[in-house]
Amino acid sequence: MDEVLEKLKAICGPEHATNELVDRLGYCRDCGPNPGGLPGYITRPESLEEVAAIVKYANEIKHPVFLWGRATTFVDSGVVTDSIVLALDLLNKFTINIADMTVTAQAGAIWHSIDSDLKKLGWELCAPGGGGMFSASVGGTIAYNAVPHGITEYGVTGDHVIALEVVLPDGTIVHTGSSANDANGNIAIERGANGPDLAGLFIGSCGTLGVITEATMRIRRIPEKEEFVFYAFDELNQANNAVSAIQSQEAATFVIGLYGGPKPTGIRGNYFLHMIIRDTELQADARKKTCQIICETFHGREADSNATKLYWTNHMYSWLRNDSPNTYYGSRPYYCPEVAGFVRTQDLNEVIPALNKYIADTQTEWDKHGMVVKGFDVYFSRNGGFLWVDTLAREDIPESHRYGLTVRKDIAELLFKKWMSPGGIVAGIAPYIMDKLGTSFDLMKALKKTMDPNNIMNPGVLMLGALPCTGIIPELADIKGLALERVANTLFQCLRCGFCFDLSWVGPYHMCPSYLAGTLETHVARGRIALARAIAEGQLEYNEVVAERIFDCTMCGSCSAHCMKQIDIRSIYQAMREDLTERGFTPKGLKKAAADTVAQKNPYAQPDGDRFAWLKDKSKLDRKAPIALFVGCTPSYVRKSVAQEAVELLDKLGVDYTIASQEWCCAHPFMAAGERKLAKEFMQHNIETYKALGVEEIIFVCPGCYETFKRETPEVLEEALPFTTAHIVELVADELISGRVEMGGYAGATLTYHDPCTLGRQLGVYDAPREILNAIPGIHYVEMPRNREDAFCCGAGSFVRYDYPEMTEKAGLDRMDEVIKTEANVLVTTCSSCLSQFQQLRAQTKTKLEVIDLITLVNKVIKVKETIG
């Protein structure tokens, strides 16, 4: 028995503590290039008391603790080997206090989630989160003292922290600033109260002196107006002179310089400045004019500032170069060995040429290893600049990976010895700066020894108490013959940015049904990709735990849709399912569904001959026609009323269509089960069946069938479909727009619509259902907060209910709660599986909500003025 694990489970619950290798592999590294050490235990405490108890216990047994927020830093945290990972993501609550002009947030709260709620009230955070990732957590960003967007006017993150709640290495809980006074209720007004500024001790300490569990920060009203300016310069000194003038006149809220890497698309010049101005109506205009005059004085050429606006409003860095997000890093297996820090504005006239000279001198090695410059970009502060030296190196070639780390070392040594002080140190660049800090470093070491004598808190992160912990760059395993080989290049594209976790820009909402029900990183895309990489790197073999992490996914595609690098994450899962099935790890229920599909051509173990028992007019079967209706298994066997409504609807519209009596399952159960060969057989059968009937277009009732045909069939068969495809609601919407049909009334109804994952994220059909609903007289239509590509999965996809019913139920109830909060009395969807899920939940929650398929609703209210035929 592992006594440490049992104690950790006793503190935070068995579901929130593990030493399973599969799960530990998901907590080895952040966005930085070092693999990191393999931790010994993973914990996810849900309360301050649990954090304190874990830290106290670790201190008693002298076991290292590593703090884990959202792990979005680019300069390596240095996960400590065999450490107890203290993941703080469940501490994610926050409260807004407009009267005090503050927000108090737990360490795991996401910046963008807080800001989105503040914006609804007309307020915003004074420091809007780390400049690299708006998906970062509050605790980690403060511990790192990250440079935020808007630094030119607003300063760094720590400038706006009023008070902290911190767990010390012995488990003691302390409050800093004015909140230190327990007698007055821990009011948080000023940081420098009750003696020394203790908050400043922990800001920037990167978790080496204590665990930040809560922070109180200043907020402000959103400025009246935003203006945007973009200028190009031929000479470096021209751009820097312009920046110095803008800084001295306080003309801009935020100035960003692009001094290296790819140039903005379509813009002539060598150096580029983006300026954001935020102020009152009058002052914003005046400050913008000042920026323009200054830039033109130093021979700048004004460019279209839409790129600046897109960056600021979307916080997607790629727009600074007039490029969409997927081109920022490119679809290449690259990582970013970043060096970043503060320099004087005018020193950039020396720094940038020095960097270019270093690259020129080592160009042969750069070319050999495929290294490129992503950017020499500067977030200008009030009187200097925060320079991001971003290079990209291949991570799928160990030798190139190691060379990338050498480049980071060289650049760090080059810059820190003369010009730069780092902005946040962490582990990656600590060896190159800490020995240059002299007596300051001596004081840090003394503080560490005094406050953490057992050296348990992030040892080595700032070279305090140990050397930084870095893992070994593994050699690649031989994965020939694995389906994973098909997506091998994709495995190394994950940036680990954390965008796949939640919908922070919408509010405190989940994105991934598995992560909602699961407890660890390996229940969400970032962790699952880490597992795939571990297999490709020979650190892990397929087993039952890996199977659980991959098959408990509904394949809803939300992670792919929200991936900053636009990776097709589902393709990785699909390959892993095929490998797992090949090794006998298919879950029992899904395996039976696939077997039933082989036997009866449907996954419901219903007789194949009963597929069209519901069809009243059999004359539609097997007739030659240009259009076919693919009904699908769920409408044919489970939701027969939807199938009947679809046929009636096509008849009303006058569509000349056929239904193939030899329609087989679309092959979705096989794809879900990783049975690619069986899927191919069924796909080929269906295509040949419709070709024989002279079909040119297939209309679908089930979005899952539609998605299988349109996306997966061409990929599996390696050939284009011989017909066009559409969902029946797309057909109706086209007829509505053409004026050939109109909708009758549905008086007194307040409707909301659930976007099915397959019809929405997989196929991009968002507008057609809404065109129809908004055309119905007498209804009031309301959107759920999570809608369109942000829509939350109902939990029923990919047959997960057969093997993971608790996850299905939890996801469904989460979505149903969102529906109920809209105060709609009718829930409409366009998927038979979603319909079944919501009707079951309707009975379970005893709500009076009407749940209806859009096809059924349309068939009730449509009025045909002119038939298609």
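Definitions and limits used
- Residues numbered from 1 in each chain as written.
- Predicted model: local features only at pLDDT ≥ 70, side-chain atom pairs only at ≥ 80, totals over all residues.
- Heavy atoms only, no water.
- Helix = DSSP H or I, 4+ residues; strand = E, 2+ residues; numbered from the N terminus.
- Rg over C-alpha atoms; globule rule 2.2 N^0.38 Å.
- Buried < 20%, exposed > 50% of the residue type's maximum accessible area, 1.4 Å probe, protein only.
- Contact = heavy atoms within 4.5 Å.
- Areas by Shrake-Rupley, 256 points an atom, 1.4 Å probe, with all protein chains shown as cover.
- Pairing = 2+ DSSP bridges.
- Axes fitted to C-alpha atoms, helices over the stretch in contact; angles between N-to-C directions.
- Phe/Tyr/Trp six-rings, centres within 6.5 Å; stacked < 30°, edge-to-face > 60°.
- Lys NZ or Arg CZ within 6 Å of the ring centre and 35° of its normal.
- Expected span 1.5 Å × (residues − 1).
- Arc of directions from axis to C-beta.
- 1 Å grid on protein atoms, 1.4 Å probe; cavity = no way out; pocket = protein on both sides within 12 Å on 5 of 7 lines; lining within 4 Å.
- Points joined across faces, edges and corners; volume = space filled by probe spheres on them.
- Salt bridge = Lys/Arg side-chain N within 4 Å of Asp/Glu carboxyl O.
- Disulfide = S-S within 2.5 Å.
- Parallel < 35°, antiparallel > 145°, perpendicular 65-115°, else oblique.
- Nonpolar A, V, L, I, M, F, W, Y, C, P; charged D, E, K, R; others polar.

Caption draft 1: The arrangement of the overall build of the protein chain in detail. Of the regular secondary structure elements, the protein chain holds 34 helices and 29 strands. On C-alpha atoms alone, the protein chain measures out to a radius of gyration of 29 Å, which is about the 29 Å that the 2.2 N^0.38 rule sets for 869 residues. By its C-alpha atoms, the protein chain is 90 × 70 × 65 Å across when sized along the principal axes. Buried residues in the protein chain amount to 63% of all 869 residues. The long-range share in the protein chain, meaning contacts at least 24 apart out of those at least 6 apart in sequence, stands at 75%. On the protein chain, roughly 31,700 Å² of surface is accessible, and the fraction owed to carbon and sulfur atoms is 49%.

Caption draft 2: Broad picture of the sheet that holds strand β26 (residues 780-781). As summarised here, the arrangement of the four strands in space is β26-β25-β27-β28, forming an open sheet in which the pairing is parallel. Looking at the sheet topology across the chains shown, the edges are occupied by β26 and β28 (850-853). With four bridges joining them, strand β27 (residues 826-829) and β28 adopt parallel strand pairing. Directly across from V828, in β28, lies its bridge partner I852. In the packing of helix α31 (residues 767-774) onto the sheet, the strands contacted are β25 (750-754), β26 and β27, and the crossing angle to β25 comes to about 170°.

Caption draft 3: Quick look at the packing of aromatic side chains. All told, the structure shown has 20 aromatic pairs when counted by the stated rule. A centroid spacing of 5.1 Å and a plane angle of 55° characterise the contact between F700 and F709, whose relative ring orientation is tilted. On the basis of relative accessibility, which here comes to 0%, the residue F700 falls in the buried class. Aromatic rings pair up to connect F254, Y311, W312, F342, Y379, F386 and W388 into one cluster. Its guanidinium or amino end placed over the ring of Y154, R220 lies 3.4 Å from that ring's centre, counting from NZ or CZ. For the cation-ring pair, K445 lies above F441, with the distance from its terminal atom to the ring centre recorded as 4.5 Å.

Caption draft 4: Just helix α23 (residues 588-600), in detail. Between its first and last C-alpha, α23 extends 18 Å over 13 residues, near the 18 Å set by a 1.5 Å rise per residue. Taken residue by residue, α23 has G589, L590, A593, A594, D596 and T597 as its buried positions. One side of α23 holds all its buried residues, which, seen down the axis, span an arc of 160°. Counted as exposed and oriented over 90 degrees from the buried face of α23: K588, K591 and A599. In this structure, the buried side of α23 is in contact with α20 (544-551), α22 (569-582), α26 (668-673) and α27 (676-692). K601 occupies a position one or two residues after α23 and carries a positive phi of about 65°.

Caption draft 5: Structural context of empty space enclosed by the protein. The tally for this structure, following the rule as stated, stands at six cavities of 30 Å³ or more. Its boundaries defined by the atoms lining it, the largest cavity holds a volume of some 660 Å³. For the largest cavity, the lining is made up of 43 residues, of which T73, S77, G140, T141 and Y144 are closest to its centre. When contributions to the lining of the largest cavity are tallied by element, the ones reaching two or more residues are β3 (65-68), α5 (138-144), β10 (211-221) and β18 (384-394). When residues in the lining of the largest cavity are grouped by element, the largest group, five residues, is from α5.

Caption draft 6: Up close: the sheet that holds strand β21 (residues 657-658). On the basis of which strands lie adjacent, the open sheet formed by four strands has the order β21-β20-β22-β23 and parallel pairing. A strand with exactly one partner marks an edge of an open sheet, and here the two such strands are β21 and β23 (724-727). Here strand β20 (residues 627-630) runs beside β21; their pairing, made up of two bridges, is parallel. Along β21, the bridge assignment pairs A628 with T658. In the packing of helix α28 (residues 703-717) onto the sheet, contacts are made with β20, β22 (697-700) and β23, and the angle to β23 comes to roughly 160°.

Caption draft 7: Summary view of the pattern of salt bridges. This model, assessed by the stated rule, comprises 55 salt bridges. The partner of D651 in a salt bridge is K620, and the shortest N-O contact between them spans 3.6 Å. Residue D651 is found in helix α25 (residues 640-653), and its partner K620 is found in the loop between α23 and β20; the two are separated by 31 residues along the sequence. Classification of D651 by relative accessible area gives partly exposed; the value is 39%. The shortest N-O distance in the salt bridge between R711 and E707 comes to 2.8 Å. Highlighted residues: R711 and E707, both in helix α28, separated by four residues, approximately one helical turn. The network of salt bridges with common partners includes K225, E227, E281, D285 and K288.

Caption draft 8: Main features of the state of the cysteines. With the rule as written, the count across this model stands at zero disulfides. The closest cysteine sulfur to the non-disulfide-bonded C553 is located on C559, 6.3 Å from its own sulfur.

Caption draft 9: Expanded view of the pairing of strand β12 (residues 254-258). Of all five residues making up β12, five are buried, and the element is well covered by its neighbours. Burial of β12 is two-sided: the residues F254, I256 and L258 facing one way and the residues V255 and G257 facing the other way are all buried. Summarising the sheet, β12 and strand β13 (residues 271-279) pair through five bridges and their orientation is antiparallel. Paired with V255 across the bridge in β13 is M275. Both β12 and strand β17 (residues 372-380) contribute to a ladder of four bridges, which runs antiparallel. For I256, the partnering residue across the bridge sits in β17 and is Y379.

Caption draft 10: Structural context of the packing of helix α32 (residues 805-821) against helix α33 (residues 832-845). Across the interface, α32 lies against α33 with an axial gap of 10 Å and an inter-helix angle of 80°. Overall, the two elements α32 and α33 adopt an arrangement that is roughly perpendicular. Contact residues: α32 offers T808, E809, G812, L813, R815 and M816, while α33 offers Q837, F838, L841, R842, Q844 and T845. Here the contact of α32 with α33 is composed, by residue class, of four nonpolar, five polar and three charged.

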